[in-house]
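# Descriptive analysis of the structure
Residues per chain are reported as follows:
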Protein chains: 2
Amino acid sequence: MRTSIATVSLSGSLTEKLTAASRAGFDGVEIFENDLLASPLTPEEIRARCADLGLSVDLYQPMRDIEAVPADEFARGLRRARHKFEVMRRLGADTVLVCSSVHPLAVDDDALAAYHLRQLADLAQEFGLRVAYEALAWGRHVSTYDHAWRIVEAADHPALGTCLDSFHILSRGSDPKGIEDIPGEKIFFLQLADAPLLAMDVLQWSRHYRCFPGQGGFDVAGLVRHVLRTGYDGPLSLEVFNDVFRQAEAGPTAVDAHRSLLVLQETVGVATPPAPVVPTGIAFAELVTPDAEPVSAVLGALGFARTARHRSKPVDLWQQGEARILVNTSGAARRDGTGLAAIGLESPDPTGAARRAEALLAPVLPRRRAPEDAPLDAVAAPDGTELFFCATQRNELPNWRADFTDVAHRAGTPGVHGIDHLALTQPWHHFDEATLFHRSVLGLHAQESVDVADPYGLMRSRAVTNADESVRIALSVGAAPTDDTVHAQHIALTTDDVVAAARRFRAAGGRLLPIPANYYDDLAARYEFPDGELETYRELGILYDRDAHGEFRHCYTVTVGRVFFELAQRDGYRGYGAQNAPVRLAAQHAGRPVR
Amino acid sequence: MRTSIATVSLSGSLTEKLTAASRAGFDGVEIFENDLLASPLTPEEIRARCADLGLSVDLYQPMRDIEAVPADEFARGLRRARHKFEVMRRLGADTVLVCSSVHPLAVDDDALAAYHLRQLADLAQEFGLRVAYEALAWGRHVSTYDHAWRIVEAADHPALGTCLDSFHILSRGSDPKGIEDIPGEKIFFLQLADAPLLAMDVLQWSRHYRCFPGQGGFDVAGLVRHVLRTGYDGPLSLEVFNDVFRQAEAGPTAVDAHRSLLVLQETVGVATPPAPVVPTGIAFAELVTPDAEPVSAVLGALGFARTARHRSKPVDLWQQGEARILVNTSGAARRDGTGLAAIGLESPDPTGAARRAEALLAPVLPRRRAPEDAPLDAVAAPDGTELFFCATQRNELPNWRADFTDVAHRAGTPGVHGIDHLALTQPWHHFDEATLFHRSVLGLHAQESVDVADPYGLMRSRAVTNADESVRIALSVGAAPTDDTVHAQHIALTTDDVVAAARRFRAAGGRLLPIPANYYDDLAARYEFPDGELETYRELGILYDRDAHGEFRHCYTVTVGRVFFELAQRDGYRGYGAQNAPVRLAAQHAGRPVR
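Rules used throughout
- Along each chain, numbering runs from 1 in the same order as the chain's sequence is written.
- Numbering of ligands from 1 and lettering of chains from A proceed in the order in which they are written.
- Note on the predicted model: pLDDT of at least 70 is required for a residue's local features to be given, and 80 or more for side-chain atom pairs to be given and counted; whole-chain, interface and lining totals, by contrast, use all residues.
- Inter-axis angles, ranging from 0 to 180 degrees, are taken between N-to-C directions of lines fitted to C-alpha atoms, where helices are fitted over the stretch in contact.
- Labels follow the DSSP assignment, with helices taken as runs of H or I lasting at least four residues and strands as runs of E lasting at least two, numbered in each case from the N terminus.
- Oblique is the label for any angle not covered by the other classes, which are roughly parallel (under 35 degrees), roughly antiparallel (over 145) and roughly perpendicular (65 to 115).
- Working rule for handedness: look at the near helix, and if it is turned counterclockwise from the far one by less than a right angle, call the crossing left-handed; if clockwise, right-handed.
- What counts as a contact is two residues whose backbone-derived C-beta atoms lie within 7 Å of each other.
- Following the grouping adopted for this structure description, the nonpolar residues are Ala, Val, Leu, Ile, Met, Phe, Trp, Tyr, Cys and Pro, the charged ones are Asp, Glu, Lys and Arg, and the polar ones are all others, Gly among them.
- DSSP-based pairing: two strands are paired if at least 2 bridges between them are found.
- We superpose the copies by least squares over the C-alpha atoms of residues that have a pLDDT of at least 70 in both of them.
- Neighbour counting defines burial: a residue surrounded by 20 or more other C-beta atoms within 10 Å of its own C-beta is buried, one with 12 or fewer is exposed, and intermediate counts give partly exposed, using backbone-placed C-beta atoms.
- Where each domain starts and ends comes from a domain assignment, either automatic or drawn from a database.
- The term nonpolar core refers to a group of buried residues, namely Ala, Val, Leu, Ile, Met, Phe, Trp, Tyr and Cys, whose C-beta atoms join them within 7 Å.

## Description of the packing of helix H4 (residues 71-91) of chain A against helix H5 (residues 110-126) of chain A
Residue and element names in this part refer to chain A. At their nearest, the axes of H4 and H5 sit 10 Å apart, and the two run at 25° to each other. Between H4 and H5, the angle falls in the class roughly parallel. Our pair here, H4 against H5, has a crossing hand that is right-handed. Within the contact between the two elements, H4 uses Phe74, Leu78, Ala81, Arg82 and Phe85 and H5 uses His116, Gln119, Leu120, Leu123 and Ala124. Per-class residue counts for the contact of H4 with H5 are seven nonpolar, two polar and one charged.

## Concerning the sheet that holds strand E5 (residues 130-134) of chain A
Residues and elements named next belong to chain A. Reading around the barrel, the eight strands line up as E1-E2-E3-E4-E5-E6-E7-E8 and close back on themselves, with parallel pairing between neighbours. In this sheet, adjacent strand axes meet at a mean angle of 30° when their direction is disregarded. The sheet contact formed by strand E4 (residues 95-99) and E5 spans five bridges and is parallel. Bridge pairing links Thr95 to Arg130 in E5.

## Thoughts on the relation of the copies chain A and chain B
Turning chain A through 180° and shifting it by 0.0 Å along the axis lays it on chain B, with an RMSD of 0.0 Å. Between the two chains, the operation in question is that of a two-fold axis. Measuring from the rotation axis to each C-alpha of chain A, the shortest distance belongs to Met200 of chain A, at 1.9 Å. Of all interface residues in chain A, 100% are interface residues in chain B too; the two copies therefore contact each other through one and the same surface.

## Side note on the packing of helix H16 (residues 517-526) of chain B against helix H17 (residues 533-540) of chain B
Residue and element names in this part refer to chain B. With their axes 10 Å apart at the nearest point, H16 and H17 run at an angle of 155° to one another. In terms of orientation, H16 and H17 fall into the roughly antiparallel class. Of the two elements, H16 crosses H17, and the hand of that crossing is right-handed. From H16, Ala517, Tyr520, Leu523 and Ala524 reach across to H17, where they touch Leu534, Tyr537 and Arg538. Class assignment for the residues of the contact of H16 with H17 results in six nonpolar, no polar and one charged.

## So, the sheet that holds strand E16 (residues 404-406) of chain B
Residue and element names in this part refer to chain B. Pairing within the open sheet is mixed, and its eight strands lie in the order E14-E15-E13-E9-E12-E11-E10-E16. Of all strands in the sheet, those bounded by a partner on one side alone are strand E14 (377-380) and E16. When the angles between neighbouring strand axes are averaged without regard to direction, this sheet yields 30°. In this structure, strand E9 (residues 281-288) lies alongside strand E12 (residues 323-328), joined through four bridges in parallel fashion. In the strand pairing of E12, Ala285 is matched with Ile325. The strands touched by helix H12 (residues 292-301) within the sheet are E9, strand E11 (315-320) and E12, with E12 carrying the most contacts at an inclination of about 165°. In the packing of helix H13 (residues 350-359) onto the sheet, contacts are made with E14 and strand E15 (386-390), and the angle to E14 comes to roughly 30°.

## Some thoughts on the pairing of strand E15 (residues 386-390) of chain A
Residue and element names in this part refer to chain A. Buried residues dominate E15, accounting for four of its five residues. Two elements, strand E13 (residues 339-346) and E15, share five bridges in a ladder whose sense is parallel. Note that in E15 the partner of Leu345 across the bridge is Phe389. The sheet contact formed by strand E14 (residues 377-380) and E15 spans four bridges and is antiparallel. Pairing of Ala378 across the sheet is with Phe388, part of E15. Hairpin connection between E14 and E15: a loop of five residues separates the two successive antiparallel strands, and Gly384 in this loop has a positive phi of roughly 95°.

## Section: the domain arrangement of chain A
The domain boundaries assigned to chain A delineate domain 1 (3-268), domain 2 (281-406) and domain 3 (418-590). In this structure, domain 1 of chain A and domain 2 of chain A have C-alpha centres spaced 45 Å apart.

## Looking at the environment of Gln393 of chain B
Residues and elements named next belong to chain B. Relative to the helices and strands, Gln393 is located in the loop between E15 and E16. On the basis of neighbour count, Gln393 is assigned to the exposed category, with 12 C-beta atoms found within 10 Å. With 142 residues separating them along the chain, Gln393 and Glu535 place their C-alpha atoms 43 Å apart. In contact with Gln393, not counting residues within four places along its chain, are Asn399 and Arg401.

## Notes on the nonpolar core
Soluble, globular proteins show a tendency: their nonpolar side chains are buried together. By size, the foremost hydrophobic cluster in this structure holds 384 residues, and its most contacted members are Val131 of chain A together with Val131 of chain B. Setting aside residues no more than four positions away along its own chain, Val131 of chain A makes contact with Val96, Val98, Leu117, Leu120, Ala121, Ala124, Ala159 and Leu160 of chain A.

## A word on the interface of chain A and chain B
With 44 residues of chain A at the interface, the matching set in chain B holds 44 residues. For the side of chain A that touches chain B, the secondary structure elements donating two or more residues are helix H2 (33-37), H4, helix H10 (243-247), strand E20 (457-465), helix H16 (517-526) and helix H18 (581-590) of chain A. Grouping the constituent residues of the side of chain A that touches chain B by class yields 24 nonpolar, twelve polar and eight charged.

## Focus on the environment of Gly572 of chain B
All names here are of chain B. Counting through the fold element by element, Gly572 comes out in the loop between strand E25 (563-571) and helix H18 (581-590). Spatially, the C-alpha atoms of Gly572 and Gly321 are 20 Å apart, while their sequence positions differ by 251 residues. Among residues more than four places away in sequence, those in contact with Gly572 are His549 and Gly550.

What follows is the structure, encoded as structure tokens:
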């Protein structure tokens, strides 16, 4: 199906918006009136720009307070409409959106509303245009889609149809099944938006909290299925008012938006992108650093051994059990020090995984490799993290490990046997985008979002996992763009005995994050521990949590550049220690150089 | 009365919070448990720190899910309480807050709740402590203050009283009159918070949107009056959970918070700071600049004449009618160019105005003047703007104008006769603080807050005025700390004929902000203008708005540094052209150097 997006959903000037929509692959746009008014381009120039960009102008919107108002108001409305129809002709837009009236003088009179809309449609017809009438959820007398349709039906004019908007329908809890009673050719337009399930004033909810389908709590796909059964053949168009998107760069927002429509089309069965290939494990995490020494010291103290080196690049493989960490000192290292740059995801079908990612608009990364290296499919996540789809030690597939040459090393007593999870702090503005990306591109499952109190602002955190939780990625976002926690990422390592692992780390010269004594007084108040256990935790800085599934013991290394490590002993526990995160964050702030 | 603040209301580490509370003048604090847990200081050290800072520890909070739970849960709760009471003894806190249970197994049984609270109070008494029981608005079975009080009354224990929280009471729409039925000595604590009137889930509302008294929509003062009639003699304590305050610097937030309590005490009649002295006009606006030429050129083109020069400082007075603009090239000029640094407010009693400001915690500015200069009382607004309280040409008072020596100038044909309003963009995080400051310190009236769509994010704007609107200040705040509109301020100048003033400005070489042609097509659609009028507006970039009181015509100069000017012809109109602000903002963005 054709896809479209309302310019109000994106930030910037009208031409920035159009460019971003085109680049992201949209077929058309809805021109939001205020964007036109604020543009220095004439309607003809905008029309030409859209044509150059391969965008059709699918809708001009909105026109307000037209119907069921006193006669003099209606006359003014019709005069206004004539001007706007002239602009639409210049713009090349053939359909105008009319929202149900919120005029204080509007009357509850469907016959009058139908009469006014018929007259408006007559005028539109003179201009070769169509009118799509939509019920606002907060319309004065018309606030449900079936009511709007009854008026359109009564008006019975070829240039008059209805516009359906998933937000207005689902926010009121209307049953979308009734959509199937509307003839498809009378549905002139379909606007889609999702929203988190908030109990709040619907106007505020609509104006500030809409999001793209799949990012909220509405069954947008279910609604679209009903619409498709009517034979509707117009575009799927996004109209999203959102305070975050208004500030975010238009380019990434448009990609996020278009991805949501691609996934929606897959869900309702009108598009078949390559099927998701769910990763089955974490092959490696790759750190880039301008200086390998500090991070190598931490890895060594954690029990990792440098087992191999890439045969053509300055990349070391550090390994311990199934935990593999690459340390890359090539030019990719950023000025701000050691960072987590890439994740190797174990994939049953690396090429298929990359095809899926590409179809869902993930940037495919060039294969920077020597001719003899294994071909590795890689894409970029929204936060810039490179995702490599790997097949480790499966004979039938190219193996990245074969590009590494073993180096002599002393096998230690491994205290760590895998990567428990990776925690990626997301750039501000792109948290919902990251969640949708990991769900749709990688086929991971998103858990509930939780608030975490950092001393300098609330953070949000949300984990995405595969079914057996052998892949766990915890996404989080800071409270504001300036928040200095934004760039800290971490690698949590699996251990069966966090106490032994922490002791060994410390004995090897590693520095653990110190945890305040008050935290342990609180643990003593909340739980009963065997004799001496709490003293051990206190000594080492081990944190404790418990859920319905089991217990969790974990501790943290100090931060190197923008990365730190966690030692995680998970005895059935399903969470990520969010309960302890405020204490950990405060300790990290306390450990920073005094300002 | 004594004043207190919950540490959760401020950002940072516990010691940062305590320091900020003490500096702002609070007498005590509520220690929020998580702040204690995350602190590296022992309870004894925190107690000593508070003593050093002159703060009493008025409350330890919160204790949860104690009452009306199954016996084994209660036993665990009592065990937990014993640990916490020990911590409180070390901390020097004598009262603990117990919130009504939200435990899934809690039963609706007041007798059991009373029995449990009595046992808890017995234990508290052993430690020399008191228990203050509070109804959470979302408590499982106890959610109103009168219900909580009935349980406390039934428990009938000297160490058990109730805690009242204005948010929990007013958010549910409970009538606070019933508070007077509670004996004052059984009200162990009073927590105060205001909130904007939002129709939303009460838990979310409470956790994210509370604000300080006078910043929201609740009648907090009315509630406090009821509490005072009971004979309550504990502190007035602020407990405010707010996403913005969590990110803002603790110091200014604490000042804002304490100011709100000072004003509240004045409102309820228990404190009498110096009475407000409402300004009666704008004496001058002062620009600082590293280079007087560009702004002088704009002022000259606007019809201002350089009429005088300060006798000892590099400050020029530009005047036209009653519009006076000082151009200051002293060291105060900031690196980022020309900016609005100070406002002279015409005051019937400059010294009284300054005394009021000082009593309400406005920083009093040192009088940087030569011995012969007129003494000018000045304070800093929260955004750093200096406010001078002036008496221009009133013989009985020192006159700032007398410090200026007239210079020869050619009197032009004045097109401007005063300052219509000053528009001050506020630093992020401090919008509500600015409103409260201007209301309480200057005695101005705050109008409704409006949203304004900038192409790169939503802004909020709110005007504060005196009764006859001879002083109008429009406060606005950008969408995010990084928003590049944050620093643009503007001076709106009154004219009786904006067309003539604009033409003269242009003829004198001034550059007006160009407004898109599409805007005028929209005006033509919405209004009927006499022949040729719209063409004139289009030619000059004049914007138009209309409200119930009259018409508004206005246009803008291009920006110099961080300041621009508006020419405003206000024919009865009461607003500030918010309808046109998106077009103006887009035009200003469009006029910036391409990135």
